[in-house]
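Take a look at the letters that make up each chain.
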Amino acid sequence: MHTLTLTRPDDWHLHVRDGAMLASVVPDTARQFGRAIIMPNLKPPVATVDQALAYRERILAAVPEGMSFQPLMTLYLTEQTTPDEIHRAADCQHVYAVKYYPAGATTNAASGVRVIDRVWPVLEAMQDVRLPLLMHGEVTDSDIDVFDREAVFIERHLSRLVKAFPELPMVLEHITTKDSADFVREGPANLAATVTAHHLLLNRNAMFEGGLRPHHYCLPLIKREQHRQALVEVATSGSPKFFLGTDSAPHPKAAKESDCGCAGIYSARNAMAFYAEVFEEAGALDRLEAFASHYGPDFYRLPRNNDQITLIREQERVPEVVDFGGHPGIPLRAGGSVGWRVAAG
Ligand code: NCD
Ligand code: ZN
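Residues numbered from 1 in each chain as written. Chains lettered and ligands numbered in written order. Predicted model: local features only at pLDDT ≥ 70, side-chain atom pairs only at ≥ 80, totals over all residues. Heavy atoms only, no water.

1. Here's the deal with the nonpolar core
Applicable threshold: Each nonpolar core is a collection of buried residues, namely Ala, Val, Leu, Ile, Met, Phe, Trp, Tyr and Cys, held together in the definition by side-chain atoms within 4.5 Å. In this scheme, a residue with accessible area under 20% of its type's maximum is buried, one over 50% is exposed, and one in between is partly exposed, where area comes from a 1.4 Å probe on protein chains only. Should any heavy atoms of two residues lie within 4.5 Å, those residues are counted as being in contact.
Core analysis: the biggest nonpolar cluster contains 95 residues, and Met135 and Leu288 have the highest contact counts within it. Those residues in contact with Leu288 that lie beyond four places of it in its chain are Leu4, Leu6, Met272, Tyr275, Ala276, Phe279 and Leu311. With 17 residues, the next largest nonpolar core counts Leu72, Ala109, Ala290 and Tyr295 among its residues.

2. Structural notes on the environment of Gln93
Here is the rule we go by: Numbering of helices and strands runs from the N terminus, with a helix taken as a DSSP run of H or I at least four residues long and a strand as a DSSP run of E at least two residues long.
Mapped onto the secondary structure, Gln93 falls in the loop between α3 (83-91) and β5 (95-100). Overall, the relative accessible area of 61% leaves Gln93 in the exposed class. Separated by 21 residues in sequence, Gln93 and Leu72 have C-alpha atoms that sit 9.3 Å apart.

3. Notes on the pattern of salt bridges
Defined as follows: Should a side-chain nitrogen of Lys or Arg be within 4 Å of a carboxyl oxygen of Asp or Glu, the pair is scored as a salt bridge.
According to the stated counting rule, one finds 19 salt bridges in the structure shown. A salt bridge links Glu257 to Lys253; the nearest nitrogen and oxygen atoms lie 3.2 Å apart. According to the relative accessible area criterion, Glu257 is partly exposed, its value standing at 40%. Residue Lys253 is classed as partly exposed on the basis of its relative accessible area, which comes to 29%. With a shortest N-O distance of 2.8 Å, Glu277 and Arg333 are connected by a salt bridge. Of this pair, Glu277 sits in helix α10 (residues 271-281) while Arg333 sits in the loop between β13 (327-329) and β14 (337-338), placing them 56 residues apart in sequence. Under the relative-accessibility criterion, Glu277 is labelled buried at 18%.

In structure tokens:
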């Protein structure tokens, strides 16, 4: 039996929702990860420090007894966000970043930013206090091909942001293209990226295998094989600019299998096993710990976790269906199996 013991990892991009859904998904993450950056795209969004603190309490209430999971809260950037709110966030020990969604880019992004120049003073305040900017890096203009939205975001916005804010920690979230992998690798030290398990495992054929596959629909969309390979290359390269962020995003089965299905893949249940598969396949298992457990906290200037988890090289079945607060949900690789499992305890 092959086992792998690592510093406990963290998830630097996670959706846990609210209410009954929250209660059923938090344990999957808390079993594996010490901390997670919690996305603020609730309805209405988590836009103020007070809202983030109240949301944090609801998340903590869902952590099973005996687990010490810490939610790291974020604020949702809107055109109404003020520099004052940024200063409140900087003074609050539980808010770790601000999330930029282009208006309409994805699930619950209606309150996002329409014109980036309108939030310039807020970005300046964030730079002053070194509060990280997390970016959903896509443009939403209807004349841009949906598969090109991320590359055009770099061209139109990110290259400008990087020049204008040399001291602002920035994370390009859930990167999906070789363009992003190259841009971040070659970019300044204040720019990093998170990489999901599904973008490392799948190429866009997975959305159309034998028919339309709504459970492989997420944003940004999964891309061509050459892009997947570029992501595997940077994630396993040992570069500290790329670290783990699952973007696990639960939606009830009915909301995905619908005439206008929601974007989001639920990968939290077997997240570490999926990443271990990718790193093993790339012959880079020795680099999994740094990607999952070191580079994230180093970038956020937080201590690394001081406990460990053990992964066991054993086939584990992924259930066909999981419970999302009383509604059926379909996890990534439902009904299949993964080559690793996390040891209990
Ligand atoms: C996320 C969600 O459902 O909240 N969906 C997704 O496809 N990743 C939002 C996001 O991160 O884009
Ligand atoms: Zn997300």
